Each structure stands twice: as C-alpha cells, then as structure tokens.
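Structure assessment
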Amino acid sequence: MRGKIKTTLNVVLITCYSYGSTHLGSLHRKMLLIDASSPMVQVNGNYLKLKAGYLFPEIARRVRAFSESHPETDLIRLGIGDVTEPLPLACRDAMKDAIDEMGTSDGFHGYGPEQGYSWLREAISKSDFYSRGCEISPEEIFVSDGSKCDSSNILDILGEDNRIAVTDPVYPVYVDSNVMTGRTGLSAESGRYDGLSYLPITAANGFEAQLPEEDVDLIYLCFPNNPTGAVATRKQLAKWVDYAQEHDALILFDAAYEAFIQNDLIPHSIYEINGARECAIEFRSFSKNAGFTGTRCAFTVIPKSLKGKAKNGEEIDLWSLWNRRQSTKFNGVSYIVQRGAAAVYSSEGKKQVNELVNFYMANAKIIRSHLSDLGLKVYGGENAPYVWIEVPEGVDSWGFFDQLLSKANVVGTPGSGFGASGEGYFRLSAFNSRLNVEQAMQRISATL
Ligand SMILES: *Cc1c(COP(=O)(O)O)cnc(C)c1O
C-alpha cells in the first residue's frame, strides 16, 4: 500500500502500520494527532520507508552529548567526507577573472548551455579521457553542479522495474535515491531494503564484490571506493563490463576519487575497459580533487552508444533521454564556476591539484602507518583518501566509535552506517590538516 494520507483516521493508521511503526517513530505519533478528516496533500510515501537519516545525525547526537558533558575537550573530526584545504590558486584566479568579465557588457553571460560550455567539455574530453585512450567526445560529457545529484537524478531516465545491485557497504546516496523513487520495498531489521541486491564487500573477499547470483539490470560501482578505500584492477572492472554486456545491464560508475589513484596500473575510468562505452555511465566531480565541495561542479559521461529499451522492446539511446532531462530540469552551472573548473586542466591547475591530492594522500599514509603500528588491520588509504579499519575484537563499529570519541576525542564513521556488511569496520578520512591528523594519531596511540 502506497502512502495515502487522506480522509479517514483508519486509512492513516493502516498506512502507518503497513510501513511498520518502528520505522516511523515520531512521525507515527504525530499522525495520530492530526485531524484526519481535514483535506491534506499526499506526500510521497516512499520517503516514509527511509530509515530516518540514520548515520550522520546519530554521529552528531553522540558528539553533542559528549561535548556537553566535556565542554573543555576539543575534538578532532576525521569523520566527514569533506575536504579542508583551500581552493587552488589557478581556480580562484580564473573565477575572479570570470567575475570581472561578467561586469562588462561584452563579457556578460546569461543562461549558458544546459550541458556545459564547450571549452570545459573539450578540456575534460581531452585531459581526462583521450589522454588515457578513452574515446569520450565533448558531446558525451554533461557538466553539472554535483555527482551526488547526478547519481541520483539518473534514475529519472531509467525504468522502475529494473533490478538493482549495490555493494554493501555503500555510499548511502545510491540506496536512498532508489528508495525515494519507489524502486525498493521496506527495510528489514538489518537495514537492507527489499528489492535491492546487496553485494557484500569485506576483507573476506578482498573488498571485491562477487557477480550477482540473480540477473540485475543496474549496478552501482564506486572506485576508488567510498567508504572502503578499495580500488579495482583492470581485470576486476573487465569482469563487470563482461557481466553487463552478457546481461544487457547498465553500470553506474562513480569515479569521484579517481585523482587519488597512485598506482599506474589502476584504471581511472571505466572507459579504459573495452566494451564499457556500450554498458556504462560514469560520474566525475571536481569536489575531491580540486576542493570544489562548496563551489559545486561535476560531470556525467553518457556515451552515445549506450542503449536501453522501451516497454515495447524498441531500442532507445540514453544520451538523448539525459539530454532531454537536463534541458528540461537543469539550467546549467554558473559561468564563473565552469571557468574555475576549466582551470583545473591548465598546467598551473594540474600542478596545484596534484599537490592537494599528494597532501591528502600523505595524511592517509600517516593514518595507515600509525594504526598498523598499533596492531590494527587497516585497508584502503593507498589509492583513496579513506582508511578502512577493522575494529579490535570485542567491540562493534559503534562501540569503537564511542571508544575513540570518549578516550581519544577523535570522531570517525562507524562502518555499519554504510551497510550491514560494514559492521566490524570503521572509516577515517584523510581530509584534514596535517596538524589534526598527527594529533589524532597521537591521541589514538596514547589510548588504544
Ligand atoms: C564526495 C562524493 C561524490 C561527489 O559528490 P559532489 O556532489 O560532486 O560533491 C560522489 N560520489 C561519492 C561516492 C562521494 O563520496
């Protein structure tokens, strides 16, 4: 039963119970208080299936409670996946110039192309793809204001009956977007939603998801991986491309962290694999490499060779649908910000982005080596800004969170927040100042 908050109290109650009152909590209680006979708009009932923003609010709650009882303690936050270092000078200069240009009648820009300016799409095509042997044309690149929204909005052009696979643990955006658009059932006690195929990634399988046992149509992959920090070799990616081709499936490949890859043998793009142009969409972002989390610029690659099918079996190309979607629902990224993003591809910009990446990766190395010295098993952090830690025996993910918070005054992220198979793990982020990272490691060493 879908969420119909309508005329009679009975309907309200039935709707509540059909979602399972445990998931509703305060919403359930509020609904009992409203006058169900007054007319009211219907809400999207799929939103009521969401587990009430479980992870980050719970972290915030525990941090607040600790801070209130220990007001003198200063906490070091290695939990959130946000960058900390300033924007590269090349990007700032380009944006300042763009602002001045906008202040002249010749240089003023109104609405730009919804797909992004051609100079930015050309720079991306050349530097990110052709330079690595991937034939991705500027036309196949859609500039946007973020990968988070793109990886969620892509569901607009995909049918509702597709069977979907995600890894476990996973970047929560993929799962929640599917829930919101009605592509799942309810969530079970484990936190897993009915209707999704979960592919566990744990130390037992070397953080390499096995191919799904049942046929799936959509597969979300993220490499370098958030949260585990794992990367995929050419052979591992080829396994997914082969699966997608055999099953007419579509891979949604999130490469937001490609700039952090240090090992030259690891592919940066899914299009480095033969056949991927026929079965994969790729999401990229300037958020993590160039520090654009607050500036907002990203892009999505939709090859013209990608096909889906209509209910009547007719072949439809996905590029046209996404182009139509973007032209209708999106009005482009600001001229100023696109100028800033284009500067990432200048020789100065490349150098400065490289320095930023090296800075964070040196943090990751410090975290890895300190924690391994303490006898902890650590993964990731070699080609990704996340270190994924196996928590010591005798505690679970939240237990380790509480221990680090109260004893070392360091905030991290419990692995179980990213999925049932993240239980027993803990994520530390390398996005912080050197001083904070070193102090956090000293505090952990002193207390563990
Ligand atoms: C940070 C991140 C992104 C980037 O999102 P933006 O909206 O471009 O800032 C994409 N995917 C993953 C997995 C991320 O962690």
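Since this is a predicted model, take the numbers as computed values, not measurements. (Residues numbered from 1 in each chain as written. Predicted model: local features only at pLDDT ≥ 70, side-chain atom pairs only at ≥ 80, totals over all residues. Heavy atoms only, no water.)

**Re the pattern of salt bridges**
Two side chains carrying opposite charge are able to pair once their charged atoms lie near each other. Selection rule: The salt bridge criterion pairs a side-chain nitrogen of Lys or Arg with a carboxyl oxygen of Asp or Glu, the two atoms within 4 Å. Think of it this way: any DSSP run of H or I at least four residues long counts as a helix, any run of E at least two long counts as a strand, and we number them from the N terminus. Only protein chains enter the calculation, and the probe is 1.4 Å; a residue is then buried if its accessible area is under 20% of its type maximum, exposed if over 50%, and partly exposed in between.
For the structure shown, the criterion picks out 17 salt bridges. In this structure, the salt-bridge partner of R284 is E258, at a minimum N-O distance of 3.5 Å. Of this pair, R284 sits in strand β7 (residues 280–285) while E258 sits in the loop between β6 (250–254) and β7, and the two are 26 residues apart along the sequence. The burial state of R284 is the same as that of E258; both residues are buried. Beyond isolated ion pairs, a larger network of salt bridges with shared partners links E58, R61, R62 and D402.

**Digging into the pairing of strand β3 (residues 164–168)**
Our working rule: Two strands are said to pair when DSSP picks up at least two bridges between them.
With five of its five residues buried, β3 lies for the most part within the structure. Residues I164, V166 and D168 point to one face of β3 and A165 and T167 to the other, with burial holding for every one of them. Taken together, the five bridges between β3 and strand β4 (residues 196–200) define a ladder with parallel strand orientation. Along β4, the bridge assignment pairs V166 with Y198. Pairing of β3 with strand β5 (residues 218–222), which is carried by two bridges, proceeds in the parallel orientation. Following the sheet pairing, I164 is matched in β5 by L218.

**Structural notes on the site of the ligand**
We count it as follows: A cutoff of 4 Å decides nearness: a residue is near a molecule or strand if any of its heavy atoms lies inside that distance of it. Here a polar contact is recorded for every N or O atom pair within 3.5 Å, except that within protein the pair must consist of a potential hydrogen donor and a potential acceptor, and residues adjacent in sequence are included only if both atoms are side-chain atoms. Note on areas: Shrake-Rupley with a 1.4 Å probe; residue coverage comes only from the protein chains shown. Any residue that is not Ala, Val, Leu, Ile, Met, Phe, Trp, Tyr, Cys, Pro, Asp, Glu, Lys or Arg is counted as polar, Gly included; the first ten are nonpolar and the last four charged.
Taken together, 14 residues lie around the ligand, and D254, Y257, S285, S287 and K288 are the ones closest in. Contacts to the ligand include S147, whose backbone N or O atom sits 2.8 Å from an oxygen atom. Taking K288, its side chain carries an N or O atom lying 3.3 Å from an oxygen atom of the ligand. The fraction of the free accessible surface of the ligand (380 Å²) that becomes covered by protein chains is 93%. A per-class count over the shell around the ligand returns five nonpolar, five polar and four charged.

**Considerations on helix α4 (residues 55–69)**
Convention followed: Expected helix span is taken as 1.5 Å per residue step, with the number of steps being one fewer than the number of residues. Starting at the helix axis, one direction is taken to each C-beta atom, and the arc is that of these directions. A contact between two residues is defined here by any heavy atoms of the two lying within 4.5 Å.
Over its 15 residues, α4 runs 22 Å from end to end, which matches the ideal 21 Å to within 8%, given 1.5 Å per residue. Considered for burial, the residues of α4 that qualify are L55, E58, I59, V63 and F66. The buried residues of α4 occupy an angular sector of 130° when projected down its axis, which confines them to one face. Here the buried face of α4 lies against β1 (76–77), α13 (397–408), β13 (410–411) and β14 (413–414).

**Looking at the sheet that holds β4**
The criterion, for reference: Note on geometry: axes are lines fitted to C-alpha atoms, helical ones only across the stretch in contact, with angles between N-to-C directions running from 0 to 180 degrees.
If you walk across this open sheet you meet the seven strands as β2-β8-β7-β6-β5-β3-β4, and the pairing is mixed. Both outer strands of the open sheet, β2 (141–144) and β4, are each paired with one neighbouring strand and no more. Each adjacent strand pair in this sheet contributes to an overall mean axis angle of 20°, direction not counted.

**Brief notes about the packing of aromatic side chains**
Filter applied, for reference: Each aromatic pair joins two rings of Phe, Tyr and Trp (for Trp, the six-membered one) with centres within 6.5 Å, and gets the label stacked for planes under 30 degrees apart, edge-to-face for over 60, and tilted for any other angle. Whether a charge sits over a ring comes down to the Lys NZ or Arg CZ being within 6 Å of the ring centre and within 35 degrees of the ring normal.
Considering all chains together, one arrives at 24 aromatic pairs under this definition. Ring geometry for F223 versus F253: centroids 6.4 Å apart, planes at 35°, classification tilted. Taken together, the residues F223 in the loop between β5 and α9 (234–247) and F253 in strand β6 connect sequence positions 30 residues apart. Per residue, the accessibility class of F223 equals that of F253, and both read buried. In this structure an aromatic cluster arises from ring pairing among F129, Y271, F286, F292, F299 and Y345. Lying over the aromatic face of F142, R121 brings its terminal NZ or CZ to 5.9 Å of the ring centre. Just above the ring of W319 sits the side chain of K304; from NZ or CZ to the centre is 4.2 Å.

**Some words on the sheet that holds strand β11 (residues 377–380)**
Pairing within the open sheet is antiparallel, and its four strands lie in the order β11-β12-β15-β14. Strands with a single pairing partner mark the edges of an open sheet, and in this sheet they are β11 and β14.

**Re the domain arrangement of the chain**
One widely used convention gives an interface's size as the accessible area the parts lose upon coming together. Cut-off, in case you're wondering: Boundaries of every domain are those given by an automatic assignment or by a domain database. Buried area adds together the accessible area that both of two parts lose upon being put together, with accessible area traced by a 1.4 Å probe.
Taken as a whole, the chain is organised into domain 1 (2–35), domain 2 (52–86 + 349–447) and domain 3 (107–345). Each of domain 2 and domain 3 was reduced to a C-alpha centroid, and the two centroids are 26 Å apart. The partner domain 3 presents 33 residues to the 29 residues of domain 2 that form the contact. The largest per-residue losses of area from domain 2 upon contact with domain 3 belong to N383, F418 and S421, which jointly make up 26% of the total buried on that side. Here domain 2 is connected to domain 3 by zero salt bridges. Remark: the boundary between domain 2 and domain 3 carries eleven residue pairs in polar contact (both at pLDDT 80 or more). Among the elements that take part in the side of domain 2 that touches domain 3, helix α12 (residues 347–373) stands out by supplying eight residues, more than any other.

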